[in-house]
Amino acid sequence: MIIRSKAPLRLGLAGGGTDVSPYCDEFGGYVLNATLDMYAYCTIETSNDNSISFYAADRNEFFESKSCGKLELDGLLDLHKGIYNRIIKEFNQSVPLSFKMITYSDAPAGSGLGSSSTMVVAILQAFVEWMNLPLGEYDIAHLAYEIERIDVGLSGGRQDQYAATFGGFNFIEFYAEDRVIVNPLRIKSWVINELETSIVLYYTGASRESANIIKEQVKNAENKNEKSLQAMHELKADALIMKEAILKGELRKFAEYLGKSWEAKKRMASSISNSNIDRIYDLAMESGAYAGKVSGAGGGGFMIFMVDPVRRLSLIRELRKLDGEVINFHFTSVGTEGWKA
């Protein structure tokens, strides 16, 4: 039997960082995001040879083992192993499974599009399809969060897992004790069309280790760093305003607060921006962009810029003179999916 799944990557539009503990536990966090037609993919081929193999094709990493009740996390494909361990323990009475798994993503790790968390959701969805697990969207997203953040121990927030699972435009609220409320937004089709023609998605060519950036942000929150906390409060307030602006189709206002939020986000941790990001941002502004930001934790990966659609092409021409790459995309309304091939 062959099982396949996919989960969409996401653009962080507003509030990113307020979904990270301890800030969201104490103050509550708001995030606005939207999924793209870029995906993480998983294929499982069941077997009876008493073996397990994982192949991350985009990273060219391979792991093979005899079927067992628990795989040791040793730095090689730990997310794949962590998911297997949890699935076996919670849903298969610790009875080993036998299969081959192949995964790949349309974006590299450290891209700022939530690629690692999205991959976890895609793999979980494949197991849900294979084993007919009784898990809804909230269950899958929460399980993905626990595996990545607790079982495997990777630092990060909560928005990526919920975006990949639910899909579409979402305003997501995060509170203490892992309470999450996903509010799907009914964005008018003309607003989505206008957004797609107004946004330029640019890959800087440099992925980054988001965990280190988030660790600095967490430390600042724990130490009640006033500058960092104030920036997070500002990001949270801006997310509400940007949600209203996008619902009403007020895209110039949306762009204004996109830029304002980027200035606030840079105050959360010193490593969120750097000289290369500043150089790209300045060039985009000089080339007609209204505003821009880094998607995700910062430090590299993808950047998004808002521009008047009639000036879009000239902005793209200028960005192509740099070392990165402009990526064409469309928003998608569907979250993770699984099927038997």
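What comes next concerns the included structure. Bear in mind that the values here come from a model prediction, so they are computed numbers and not experimental data. (Residues numbered from 1 in each chain as written. Predicted model: local features only at pLDDT ≥ 70, side-chain atom pairs only at ≥ 80, totals over all residues. Heavy atoms only, no water.)

**So, the sheet that holds strand S8 (residues 199-203)**
At step 1: As summarised here, the arrangement of the four strands in space is S9-S10-S8-S11, forming an open sheet in which the pairing is antiparallel. Each edge of the open sheet carries a strand with a single partner, namely strand S9 (289-294) and strand S11 (325-327). When the angles between neighbouring strand axes are averaged without regard to direction, this sheet yields 30°.
At step 2: Both S8 and S11 contribute to a ladder of three bridges, which runs antiparallel. Residue pairing in the sheet places tyrosine 203 in a bridge with glutamate 325 of S11.
At step 3: Where helix H9 (residues 251-265) meets the sheet, it contacts S9 and strand S10 (302-307), and its direction lies at approximately 45° from that of S9.
At step 4: Packing of helix H11 (residues 312-319) onto the sheet brings it into contact with S8, S9, S10 and S11, and relative to S8 it is tilted by some 10°. (Pairing = 2+ DSSP bridges. Helix = DSSP H or I, 4+ residues; strand = E, 2+ residues; numbered from the N terminus. Axes fitted to C-alpha atoms, helices over the stretch in contact; angles between N-to-C directions. Contact = heavy atoms within 4.5 Å.)

**Section: the pattern of salt bridges**
At step 1: All told, the structure shown has 14 salt bridges when counted by the stated rule.
At step 2: Between aspartate 151 and arginine 86 there is a salt bridge; the shortest N-O distance is 2.8 Å. Of this pair, aspartate 151 sits in helix H4 (residues 137-151) while arginine 86 is found in helix H2 (residues 78-91), placing the two residues 65 residues apart along the sequence.
At step 3: Residue arginine 149 is joined to glutamate 148 by a salt bridge in which the shortest nitrogen-to-oxygen separation is 3.1 Å. (Salt bridge = Lys/Arg side-chain N within 4 Å of Asp/Glu carboxyl O.)

**Points about the state of the cysteines**
Note on terminology: disulfide describes a covalent bond linking the sulfur atoms of two cysteines.
At step 1: In total, this model carries zero disulfides according to the counting rule given.
At step 2: The thiol of cysteine 42 is unpaired, and the distance to the nearest cysteine sulfur, on cysteine 68, comes to 18 Å.
At step 3: The exposure class assigned to cysteine 42 is buried, which follows from its relative accessible area of 1%. (Disulfide = S-S within 2.5 Å. Buried < 20%, exposed > 50% of the residue type's maximum accessible area, 1.4 Å probe, protein only.)

**Details of the packing of H4 against helix H5 (residues 159-166)**
A pair of packed helices is characterised by two quantities: the angle between their axes and the separation of those axes.
At step 1: It is the contact of H4 with H5, at a shortest axis distance of 9 Å, that shows an interaxial angle of 145°. As for how H4 packs across H5, the hand of that crossing is right-handed. Taken together, the residues of H5 that come into contact with H4 (itself represented by Glu137, Tyr138, Ile140, Ala141, His142, Ala144, Tyr145, Glu148 and Arg149) are Gln161, Tyr162, Thr165 and Phe166. (Left-handed = near helix turned anticlockwise from the far one by under 90°.)

**Focus: the environment of phenylalanine 166**
At step 1: Along the chain, phenylalanine 166 falls in helix H5.
At step 2: Once the C-alpha coordinates of phenylalanine 166 and glutamate 177 are considered, the two residues, 11 residues apart in sequence, prove to be 21 Å apart.

**Thoughts on the nonpolar core**
At step 1: The biggest cluster of nonpolar side chains holds 64 residues, and the ones touching the most others in it are Leu195, Phe254 and Phe305.
At step 2: The greatest single-element share of this core, amounting to eight residues, is contributed by helix H8 (residues 226-248).
At step 3: Setting aside chain neighbours within four positions, we find leucine 195 in contact with Phe169, Ile246, Leu251, Phe254, Met306 and Phe331.
At step 4: Leu77, Phe99, Ile123 and Ala126 belong to the second-largest nonpolar core, a separate cluster that totals 37 residues. (Core = buried A, V, L, I, M, F, W, Y, C linked by side-chain atoms within 4.5 Å.)

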